[in-house]
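Topology and contacts: notes
What follows is the residue order along each chain.
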Amino acid sequence: MNNFFAAFAMTFIGLFIFVPVLFAVARGLGVYTIVQERQCKVYVLFGKVLAVIDQPGLHFLITKLGVKAPLCTMLGRCAVLDLRIDQDYLRSTPVNSEEGAPMGIGIWYEMYISDPVAYLFKNADPRGSLAANVGNSTVRCLSNLRLADMLQNRHSMSQTVRAEVSPQSQEWGYSLGSAYIRKVHFRDEMMIKQIAEKVVNRLRQVTAAIKQDGANQISIITSTAERQAAIEFAKAAVMRPQIVGAALQKISEDPDIAQALFQTLETQNLINGQVDITMVPKNSGMLGQLVSAMQSSKTADAAKPPQV
């Protein structure tokens, strides 16, 4: 058991203490270095670039720097650069259209380090210089364009700006990737309000015109229907006497049928008139006159105004 614990302790010390310290000393003496993906290391000694390593993996500095490797790690410096694609967005770059409208353009662009040495030594602030270059190119290339083209042709404007910026940015080791104009807007609030008012007024006019046109169409349809209905009713009124006359002529050919019809019509009129009917039998003598006199007196009394 003692041998087991001794071996375990020695293995633990060797793996977790001795080996990391040994590797750290080796890196400090410039024996090797490790470069990650999309990473670059630039070794500089006394203002002179000795090596640029941009391939990922394990690299032995002795084979690249020679005997200067320990001096470079102790007296020089190692600049670690990120080669991954970065992006930025410039908001509301001020430009003026051909008509004099104050416009703002938002441009999005990508950039990456293409030359590590130029990036380190040719410009103190390559990122800021590239942003200024993009903004200046946007103002220089897109000013005095027609307002309609500025609002519609964003793709061609993006290509124009990118073609203007790329040559200058490559001299600083900071290359421009994709560039795209994402937003074009008005900068003057009063102009925005006036445009909004004009749009609202135009919408109101269009809405009123649509309503008026609908009302006119409805009036035309209604008047046409009424005219056609009036024509049909007039035709029916003209045809009614002819139809009734033809029917009566046919009925009058048989006297019994005609007499029965007229009696039925007379009876129907009496019923519809809502009057009192008194049935008097035949050969009643003075009874009919008495009943008639009584009906006349009742009618006269009902017609007198009430006395107060």
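This text follows the structure it describes.
Please read all numbers here as calculations on a predicted model, not as lab measurements.

**Comments concerning the nonpolar core**
Counting 29 residues, the largest nonpolar core has Met103, Tyr109, Leu130, Val134, Ile181 and Val184 as the members making the most contacts within it. Taken together, the elements giving at least two residues each to this core come down to β2 (39-45), β5 (77-82), β6 (86-96), β7 (102-113), α5 (126-142), α7 (154-171) and β8 (174-186). Those residues in contact with valine 184 that lie beyond four places of it in its chain are Met103, Gly104, Ile105, Met150, Leu151, Arg154 and Met157. Counting 8 residues, the second-largest nonpolar core is a separate cluster that includes Val35, Ala51, Leu61 and Ala69.

**Quick word on the side chain of threonine 138**
Examined against the element boundaries, threonine 138 turns out to sit in helix α5. Within the structure, the side chain of threonine 138 is placed 2.7 Å from the backbone oxygen of valine 134, a separation counted as a polar contact. Discounting chain neighbours no more than four positions away, the residues touching threonine 138 are Thr93, Val95, Ile105, Ile107, Ser143 and Val161.

**Details of the sheet that holds β8**
Spatially, the 3 strands line up as an open sheet ordered β6-β7-β8, and their pairing is antiparallel. The sheet is open, and its two edges are formed by β6 and β8, each paired on a single side. Neighbouring strand axes in the sheet, compared pairwise and without regard to direction, differ in orientation by 20° on average. Sheet topology places β6 next to β7; 9 bridges connect them, and they run antiparallel. Opposite aspartate 86, over in β7, you have methionine 111 as the bridge partner. The strands touched by α5 within the sheet are β6, β7 and β8, with β6 carrying the most contacts at an inclination of about 35°.

**Examining α5**
Compared with an ideal rise of 1.5 Å per residue, which puts 17 residues at 24 Å, α5 spans 24 Å between its outermost C-alpha atoms and is within 8% of the ideal. Of the positions making up α5, those classed as buried are Pro126, Leu130, Ala131, Asn133, Val134, Gly135, Ser137, Thr138 and Leu142. At the exit of α5 stands asparagine 144, carrying a positive phi of roughly 65°.

**Some thoughts on the sheet that holds strand β3 (residues 48-53)**
Read across the open sheet, the 3 strands follow the order β3-β2-β5; overall the sheet is antiparallel. Strands at the two margins of the open sheet, each flanked by one partner only, are β3 and β5. If you compare each strand with its neighbour and ignore which way they point, the axes differ by 20° on average.

The rules behind these values
- Residues numbered from 1 in each chain as written.
- Predicted model: local features only at pLDDT ≥ 70, side-chain atom pairs only at ≥ 80, totals over all residues.
- Heavy atoms only, no water.
- Core = buried A, V, L, I, M, F, W, Y, C linked by side-chain atoms within 4.5 Å.
- Buried < 20%, exposed > 50% of the residue type's maximum accessible area, 1.4 Å probe, protein only.
- Helix = DSSP H or I, 4+ residues; strand = E, 2+ residues; numbered from the N terminus.
- Contact = heavy atoms within 4.5 Å.
- Polar contact = N/O pair within 3.5 Å; in protein donor to acceptor, adjacent residues only side chain to side chain.
- Pairing = 2+ DSSP bridges.
- Axes fitted to C-alpha atoms, helices over the stretch in contact; angles between N-to-C directions.
- Expected span 1.5 Å × (residues − 1).

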